[in-house]
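Descriptive analysis of the structure
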Amino acid sequence: MQPVSLKALSTHLGLSDGTVSRALNDYPDISSRTRARVKAAAQELGYTPNSNARRLATGDAECIGYLVSGQTSAISEPFLAELLDGLSGAIAARNWDLMLSVARSPEDELKMIARLVQTRRINGLVISRTLINDPRVQLLKKLRFPFVTHGRTAESDDHAWFDVDNALAFEQAVCHLAKLGHRRIALITGPACFNFAMARRQGYTDGISASGLAINDHYIEESSMTLEGGEKAMSRLLALRDVPTAVVCVSDTVALGAMNVMKAHSIIPGKDISIIGYDGLSLGQHSSPALSTMTQPLLEAGKQIGEMLLGVIDGQDPKQYQVLVKAKLERRETDGALV
């Protein structure tokens, strides 16, 4: 069935194209009776407005952006698919679009933000992988442009953000392993520039102290947020004289890399060395053995972030959109008791 054009709808009603267009867009200079008549005819004939034409006419992009961090340059990150699914669903309710922009480097991110704002290609922006001191946040504040961060910075009191209590999650993971009898518990953390990585490291040390254990700096390894990073960090831990009996990892991806090295050394995850990841990704559920993890609500997070950003775009106070949720331990097969 051919879509009905604005011209065909106008001809059917005996009105000008301009009158029909203004009626469909609820302009006050068109009487309520005419607006009702036009909308009834549009519904009857199956008319769908041309969104591109409307956007050109109004100057409204009707689009929000998501910026993939130049700190990772990894559009293929597994967590991203679930987050974007929720985000696009939230803005679809308003018939808006989602633009995905990938930065080549941290410097490129700032140029990209300035260009997107200047050209008015988007109404608002979402950024993830927040840094402790994040120049992207400072730039967006300076430009007075609507944005929401997925994660916090060192100072997040005056902008909208959605975050998981990372410190609490890692404290709980460590305490869980300690209750299973583990005393040599290691951490594979992420780059220190990321706020979430430092929060997770703090949670690890809090969990070690709360469990009556001593901090051993040799059991703390920093890794890139990749499979390869997890593999390298786990190799260093296995080279220690007193090999840890359990490991908590900054992400599921890093944990799966660590498991690759374990299995290459004939070490059975969950039996010989326990391991807990973070994110709750489905790929961890299908690993062998299935990865135990601290789950965060990525799909729901994306949906809520989208709704928050629309609220900020509509003029609401960004400070009222600050949401902190808790991660949950999902026990699968890699968090075993110390035998």
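Residues numbered from 1 in each chain as written. Predicted model: local features only at pLDDT ≥ 70, side-chain atom pairs only at ≥ 80, totals over all residues. Heavy atoms only, no water.

**Side note on unusual backbone geometry**
- That bond from Ser288 to Pro289 is cis: its omega, -5 degrees, falls within 30 degrees of zero.
- Within the element layout of this structure, Pro289 appears in the loop between α12 (282-285) and β10 (292-295).
- Located in the positive-phi region is Arg120, a residue other than glycine, with phi close to 55 degrees.
- Tracing the backbone through its elements, the reader meets Arg120 in the loop between α6 (106-118) and β3 (124-127).
- A positive phi is found at Asp279, a non-glycine position, where the angle reads about 140 degrees.
- Mapped onto the elements, Asp279 comes out in strand β9 (residues 274-279).
- Exposure remark for Asp279: the relative accessible area of 8% places this residue in the buried category. (Helix = DSSP H or I, 4+ residues; strand = E, 2+ residues; numbered from the N terminus. Buried < 20%, exposed > 50% of the residue type's maximum accessible area, 1.4 Å probe, protein only.)

**Considerations on the packing of helix α5 (residues 78-92) against helix α13 (residues 298-313)**
- At a minimum axis separation of 6 Å, α5 and α13 run at an interaxial angle of 40 degrees. Our classification of the angle between α5 and α13 gives oblique. Between α5 and α13 lies a crossing of right-handed hand. Counting all contacts with α5, which are made through Phe79, Glu82, Leu83, Asp85, Gly86, Leu87, Ala90 and Ile91, the residues of α13 involved are Leu298, Leu299, Ala301, Gly302, Lys303, Ile305, Gly306, Glu307 and Leu310.
- Tallied by class, residues from the contact of α5 with α13 come to ten nonpolar, three polar and four charged. (Axes fitted to C-alpha atoms, helices over the stretch in contact; angles between N-to-C directions. Parallel < 35°, antiparallel > 145°, perpendicular 65-115°, else oblique. Left-handed = near helix turned anticlockwise from the far one by under 90°. Contact = heavy atoms within 4.5 Å. Nonpolar A, V, L, I, M, F, W, Y, C, P; charged D, E, K, R; others polar.)

**Things to note about the pattern of salt bridges**
- As enumerated under the stated definition, the model contains twelve salt bridges in all.
- In this structure, Arg94 engages Asp314 in a salt bridge whose closest nitrogen and oxygen atoms are separated by 2.7 Å. Highlighted residues: Arg94 in the loop between α5 and β2 (97-102) and Asp314 in the loop between α13 and β11 (322-325), separated in sequence by 220 residues.
- Residue class for Arg94 comes out partly exposed when judged on its relative accessible area of 32%.
- The exposure class of Asp314 is partly exposed, given its relative accessible area of 48%. (Salt bridge = Lys/Arg side-chain N within 4 Å of Asp/Glu carboxyl O.)

**Overview of the pairing of β3**
- Residue alternation in β3 divides its side chains into two sets, Gly124 and Val126 and Leu125 and Ile127, and both sets are buried.
- As paired elements, strand β1 (residues 63-68) and β3 share four bridges and run parallel to each other. Bridge pairing links Gly65 to Leu125 in β3.
- As defined by bridge partners, β3 adjoins strand β4 (residues 147-150) across three bridges and the pair is classed as parallel. Residue pairing across strands places Leu125 opposite Phe147, the latter belonging to β4. (Pairing = 2+ DSSP bridges.)

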